[in-house]
Amino acid sequence: VHAFDPTPRAVAFVRAQVLPTAFVFHPVGIGAADGELGFAAPGRPRDVNYRPVAAGGDLRAPVQRLATLARQLGHDHVDVLKLDIEGGEYAVLPDVLACGLRIDQLLVEFHHGRGEAPFAATRGALDLLRRHGFSIFHISRRGLEFSQRAGGHHVSTVAAGAGAEVDNGIGRPDGLLVVLDDDDG
């Protein structure tokens with residue numbers, strides 16, 4: 001298991017843990033391009049969720065494309081990719097999908113509706129996932145997570161913000177619909 005986060009609070013937290021040897025932490029973020037990215041610090045000292053920003057920011061930190069990281073680590077596919085990158089998903093997801101790397105499961109938390117991104121950006125990302133062969137087969141009870149499936153591979157948890165209306169052809173705005181995947185038995 002490889003984990004990536006370039007922010008100082010996350011790095012300090014991970015370094016303070018006793019972790020299994022199979023867990024490898026990399027103090028770099030996943031970005032839409034290789035280089036550095038600006039981040040805004042969280043509002044509260046206890047929080048660790050730095051947000052990527054287009055300009056400025058409280059911190060500049062290294063980021064790399066998923067394709068670059070996979071190549072450096074010698075991987076030709078990803079079993080599970082979880083993207084909870086505080087608004088950066090809108091820029092990173094198109095690059096992840098275009099890089100040609102097989103991803104068996106994809107977990108994305110979208111950060112819209114809190115002044116960060118309009119719901120239209122999430123709707124566009126869901127459309128992009130559909131164009132890449134993904135379709136929703138589960139929506140969590142909270143209405144935040146949408147599970148996706150593509151080409152025999154499961155893509156789980158595409159999250160939309162609380163209270164968001166989701167027009168995905170199978171969901172209801174309250175997020176209580178659960179559609180089971182027939183291949184799971």
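Here the structure is shown first, and the text comes after it.
Please read these numbers as outputs of a predicted model, since none were measured by experiment. Here the residue numbering is sequential within each chain, running from 1 through the sequence in written order. Two thresholds apply to this predicted model, a pLDDT of at least 70 for residue-level local features and 80 or more for giving and counting side-chain atom pairs, whereas whole-chain, interface and lining totals are computed over all residues. No hydrogens and no water enter the side-chain calculation; it runs on all heavy atoms of the structure.

Novice: Mind showing me how you'd approach the layout of surface pockets here?
Specialist: A water-sized probe, rolled over the atoms, reveals where empty space remains. Using a 1 Å grid laid over the protein atoms alone, points where a 1.4 Å probe fits but cannot get out form a cavity; open sets with protein on both sides within 12 Å along at least 5 of 7 lines form a pocket; any residue with an atom within 4 Å of a point counts as lining. Grid points are joined across faces, edges and corners, and a volume is the space filled by probe spheres set on the points. Put simply, the largest pocket is a space of about 1300 Å³. Around the largest pocket, the lining comprises 48 residues; the ones closest to its centre are Phe-4, Asp-5, Ile-30, Lys-82 and Ile-85. Only DSSP runs of H or I with at least four residues qualify as helices, and only runs of E with at least two residues qualify as strands; both kinds are numbered from the N terminus onward. Those elements that provide at least two residues to the lining of the largest pocket are strand 1 (2-4), helix 1 (8-15), strand 3 (29-30), strand 4 (35-40), strand 5 (51-53), helix 2 (66-73), strand 7 (77-83) and helix 3 (89-98). Of all the elements, strand 7 adds the most residues to the lining of the largest pocket, at 7 residues.

Novice: Please clarify how the sheet that holds strand 5 should be interpreted in this entry.
Specialist: Picture the strands of a sheet paired through backbone hydrogen bonds; they go either parallel or antiparallel. Taken in spatial order, the 4 strands line up as 3-6-4-5 in an open sheet, and their pairing is mixed. At either margin of the open sheet sits one strand with a lone partner, and together these are strand 3 and strand 5. Pairing between two strands requires that DSSP report at least two bridges joining them. Across 2 bridges, strand 3 lies against strand 6 (residues 59-64) in parallel orientation. Following the sheet pairing, Ile-30 is matched in strand 6 by Gln-64.

Novice: Explanation requested: the side chain of Glu-89 in the structure shown.
Specialist: Summarising the element assignment, Glu-89 is placed in helix 3. Throughout this description, a polar contact denotes any pair of N or O atoms lying within 3.5 Å of each other; where both atoms belong to protein, one of them has to be capable of donating a hydrogen while the other can accept it, and for residues adjacent in sequence the pair is counted only when both atoms sit in side chains. At 2.9 Å, the side chain of Glu-89 forms a polar contact with the backbone nitrogen of Gly-87. The contact criterion used is simple: two residues touch if any of their non-hydrogen atoms lie within 4.5 Å. The residues touching Glu-89, leaving out its near neighbours within four places in the chain, are Pro-94, Val-108, Glu-109, Phe-110 and His-111.

Novice: Quick question: what am I supposed to make of the nonpolar core here?
Specialist: When a protein is soluble and globular, its nonpolar side chains tend to lie buried together. Formed by 25 residues in total, the largest nonpolar core has its most connected members in Leu-81, Leu-83, Leu-93 and Leu-106. Of all elements in the fold, only helix 2, strand 7, helix 3, strand 8 (102-109) and helix 4 (119-131) reach the threshold of two or more residues within this core. Among the elements that take part in this core, helix 3 stands out by supplying 5 residues, more than any other. When residues no more than four places from it in sequence are discounted, the contact partners of Leu-93 are Leu-83, Leu-106, Val-108, Phe-110, Ala-125 and Leu-129. Working definition of a nonpolar core: buried Ala, Val, Leu, Ile, Met, Phe, Trp, Tyr and Cys residues. They are joined through side-chain atoms within 4.5 Å. Between buried and exposed lies partly exposed: a residue is buried under 20% and exposed over 50% of the maximum accessible area for its type, with that area taken using a 1.4 Å probe on protein chains only.

Novice: What is the right way to look at the environment of Ala-61 in this model?
Specialist: If you trace the backbone, Ala-61 turns up in strand 6. Remark: the alpha-carbon pair of Ala-61 and Val-28, spanning 33 residues in sequence, is separated by 7.3 Å. In this structure, Ala-61 is in contact with Pro-6, Gly-35, Glu-36, Leu-37 and Phe-39, ignoring residues within four places of it in sequence.

Novice: Would you mind going over helix 4 with me for this structure?
Specialist: Residues spaced three or four apart along an α-helix face the same direction, because each turn holds 3.6 residues. Over its 13 residues, helix 4 extends 18 Å from the first C-alpha to the last, a length consistent with the 18 Å expected when each residue adds 1.5 Å. Regarding helix 4, the residues found buried are Phe-119, Thr-122, Ala-125, Leu-126, Leu-128 and Leu-129. Taken from the residues just after helix 4, Gly-133 is the one with a positive phi, measuring 90°. To estimate how far a helix should reach, multiply one less than its number of residues by 1.5 Å.

Novice: How should I be thinking about the pairing of strand 4 in this particular structure?
Specialist: The side chains of a regular strand alternate between the sheet's two faces. Bridge count between strand 4 and strand 6: 5 bridges; the pairing is antiparallel. Looking at strand 6, one finds that Glu-36 is bridged to Pro-62.

Novice: Explanation requested: the pattern of salt bridges in the structure shown.
Specialist: A side chain of one charge can pair with a side chain of the opposite charge when the charged atoms of the two come close. Note on definitions: salt bridges are taken to be side-chain nitrogens of Lys or Arg within 4 Å of carboxyl oxygens of Asp or Glu. Inspection of every chain in the model, using the stated rule, returns 4 salt bridges. Notably, a salt bridge pairs Glu-36 with Arg-60, separated by 3.5 Å at the nearest N-O pair. Pair noted here: Glu-36 is in strand 4 and Arg-60 is in strand 6, with a separation of 24 residues, a long-range link. Across the pair Asp-95 and Arg-65 runs a salt bridge whose closest N-O atoms are separated by 3.0 Å. Of this pair, Asp-95 sits in helix 3 while Arg-65 sits in the loop between strand 6 and helix 2; the two residues are 30 residues apart in sequence, bridging distant segments of the chain.

Read these as spatial facts, not as claims about activity.
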